[in-house]
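Each chain, letter by letter, is given below.
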Amino acid sequence: MQQSLQHLVLSLCMGSVFLQTGCQRWFDQASNTDPEQTPEIPAAEIANRSQVSSNLIVKMVDQVGPSVVQINAARSSRNSSSSPFDNPDTPLERGTGSGFIFDEQGLILTNAHVVEDADEVTVVLKDGQQFPGSVEGTDPLTDIAIIKIDAQKDLPALTLGDSEKLQAGDWAIAIGNPLGLNNTVTMGIISATDRTSTQIGAPDQRVNFIQTDAAINPGNSGGPLLNLKGEVIGINTAIIRGSQDSEVSAQGLGFAIPVKIAERISKQLMKEGQVAHPYLGIRMVSISEQTKALLQEEADLQVQQDQGVVIVDVLSDSPAEVAQLKKGDVIVRIGNTQIDNTEQLQQLLQSVTPGDQLTFSIIRDNRERQAQLKVGTLNPKTFSRRS
């Protein structure tokens, strides 16, 4: 039971709120709706969802292809070992990912895990030219990194689109270097938006992801997800595989970081060299009948509420401790926003910055109380990872 409780707890350890899939297909349906009551669909929307000419795709890919790059990262195995007896001549581990030029001066966006702990980074253009890459900044919590190369000339840069307008069913094109196969193109649709990090098996990420059925494979990480205009709408980052122990196989499940998030993070990285993420310092879990029973049995916490977020631990020297939040408190509101589950709290945190003052409405001893909390700054090193 202890292990079950631990799996249910979504952690804000060292400032991260750990969040809590399904591939959706579109089918034509006969409609019995009165034509006069059928909402009019804008012409642009019809064009976007109509049959796509292969010639259109060929032209678009030909235009954007030179902006997509292969990233080769080499790291010493001693970077991932704490042994004091590491051989300094240990061979380098090598990995391959993708990226794309977003500024003609040689700035490239990719995933942080592609270049994490890298001793050497080499960027390969579509025409085969190779350049040493300098990692300008990384943010493990959103898995965004910026690389710079000096090509001594302007490079073709991609246009960043608007990921906030995406809808399930919109076309999506992924370009990258899966398994080192340069400039591979796959096409599909947007299957869903706002997938939480826990849903896709990446609870240490503070991102709501785009889901697509465009094929994404190892080596695609960091490459662009594009719309039919050739605009970047996301950065490909993850796939879900079926477990060997499971009878369920996962296919057509790829995920991308919305470009609006990548754009915001990249601006902070270029300006500050790092990103200031909000930090509370609590571990918490959404209320359900199952969690209520487990909390009572394993932690001797009796929760009466049916909605809200239960604090199961307060970290020492954290903003939550200063605000006198306690284990067993149920968060029901932050400011004027009702909090029913951890996803809502996570979403709210994305809109605040370190230093903000928040009013927490909590239930303690069956009474509602208020606590003032000054948001702290997360230490990004806490969330460094390899994948």
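Residues numbered from 1 in each chain as written. Predicted model: local features only at pLDDT ≥ 70, side-chain atom pairs only at ≥ 80, totals over all residues. Heavy atoms only, no water.

Re the overall build of the protein chain
Within the protein chain, the regular secondary structure consists of eight helices and 22 strands. Per-residue burial for the protein chain yields a buried fraction of 48% across its 387 residues. (Helix = DSSP H or I, 4+ residues; strand = E, 2+ residues; numbered from the N terminus. Buried < 20%, exposed > 50% of the residue type's maximum accessible area, 1.4 Å probe, protein only.)

Some thoughts on the confidence of the model for the protein chain
Averaged over the protein chain, the pLDDT score is 81; the fraction of residues at 70 or greater is 76%. Per-element averaging of pLDDT across the protein chain places strand β1 (residues 10–11) at the bottom with 40 and strand β4 (residues 107–110) at the top with 98. When the criterion is pLDDT under 50, residues 242–249 qualifies, and its contacts beyond four places in sequence or with other chains add up to four contacts. With pLDDT under 50 throughout, residues 382–387 is counted as low confidence; its partners more than four residues away or in other chains account for 22 contacts. (pLDDT = per-residue confidence, 0-100. Contact = heavy atoms within 4.5 Å.)

Looking at the pattern of salt bridges
A full pass over the atoms with the stated rule returns seven salt bridges. The structure contains a network of salt bridges with shared partners spanning E289, K292 and D306. (Salt bridge = Lys/Arg side-chain N within 4 Å of Asp/Glu carboxyl O.)

Some remarks on the nonpolar core
Membership of the largest hydrophobic core comes to 31 residues, with the highest contact counts inside it found for I144 and L226. Contributing elements (two or more residues each) for this core: α3 (54–64), β3 (92–103), β4, β8 (144–148), β9 (171–176), β13 (232–239), β14 (254–258) and α5 (259–272). Looking at this core element by element, the count peaks at five residues for α5. Among all residues touching I144, those that are not within four sequence positions of it are L109, T110, A112, G137, T138, D139, I235, I257, A262, I265 and L269. I282, L348, A371 and L373 belong to the second-largest nonpolar core, a separate cluster that totals 22 residues. (Core = buried A, V, L, I, M, F, W, Y, C linked by side-chain atoms within 4.5 Å.)

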